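# Chain and residue survey
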Amino acid sequence: MRAVFLDRDGVICENRPDHVKSWTEFRFLPGALQALRRLSAAPFSIVVVTNQAIVHRGIVPAAVVEEIHRWMIRDIQLAGGRVDAIYYCPHRPEEDCLCRKPKPGLLLQAARDLGIRLEASYLIGDALTDVEAALAAGCQPLLVRTGRGALYAQQVLQRYPEVQIFQDLSEAVSWILHREVQILPTPALRVTDVPLATPLG
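Residues numbered from 1 in each chain as written. Predicted model: local features only at pLDDT ≥ 70, side-chain atom pairs only at ≥ 80, totals over all residues. Heavy atoms only, no water.

Here we take up the side chain of E25. If you trace the backbone, E25 turns up in the loop between β1 (3–6) and α1 (32–40). On the basis of relative accessible area, E25 is assigned to the buried category, the value being 18%. (Helix = DSSP H or I, 4+ residues; strand = E, 2+ residues; numbered from the N terminus. Buried < 20%, exposed > 50% of the residue type's maximum accessible area, 1.4 Å probe, protein only.)

The following block contains the structure:
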């Protein structure tokens, strides 16, 4: 099993400076639903991995974050897409947990639970922490300029020049799908797969 991991805020939805604290504050980024619909047709698990320290900061309870995720999944499904799993870290940075990105704990847990081959997977994020979590887990990081990505792009280029940088989720998904078409072998045609010409007259 292979996966495309997605950060949430700044990749799927708008990254608010005061955090997304309710479903009414959640806004899909332009083109995100369409990108997820296209990605859903590919043979990948789609897994959201997101830091949500607002839980342990006491801003919102975990139940609210999980409610936001249920509504998000519903709208993605209504648009023809899917999300197969969501993993989030509720800890504050100073708690030094193993699951808060840039540590790879969320990805490692998803790999154990879902049987994901990390070395054959991707992570799309908007921050240096996403890039470093992907590298620590052994999967390929992709940075988007939405959310905080424009601020981190130069820093990522300097530290990790091999990382691909895209304008948004749609462009990153297009790159993955195009790359996969090129690296995956084309299945052999059977005779029954070839449409027969209709005789004239």
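This part takes up the packing of helix α4 (residues 128–137) against helix α5 (residues 149–159). Taken N-terminus to C-terminus, the directions of α4 and α5 make an angle of 35 degrees; their axes are 9 Å apart at the nearest point. For the pair formed by α4 and α5, the contact residues are L128, V131 and E132 on the first element and Y152, Q155, V156 and R159 on the second. For the contact of α4 with α5, the residue count by class is four nonpolar, one polar and two charged. (Axes fitted to C-alpha atoms, helices over the stretch in contact; angles between N-to-C directions. Contact = heavy atoms within 4.5 Å. Nonpolar A, V, L, I, M, F, W, Y, C, P; charged D, E, K, R; others polar.)

Here we take up the pattern of salt bridges. According to the stated counting rule, one finds 16 salt bridges in the structure shown. A salt bridge links R92 to E94, with the shortest nitrogen-to-oxygen separation between them at 2.9 Å. Among the ionic pairs, D96 bridges to K103, the shortest N-O distance being 2.7 Å. The class of K103 is partly exposed, set by a relative accessible area of 28%. Among the ionic contacts, a cluster of salt bridges with common partners joins R16, D18, K21 and E25. (Salt bridge = Lys/Arg side-chain N within 4 Å of Asp/Glu carboxyl O.)

Spatial relationships are all this shows, so hold off on functional conclusions.
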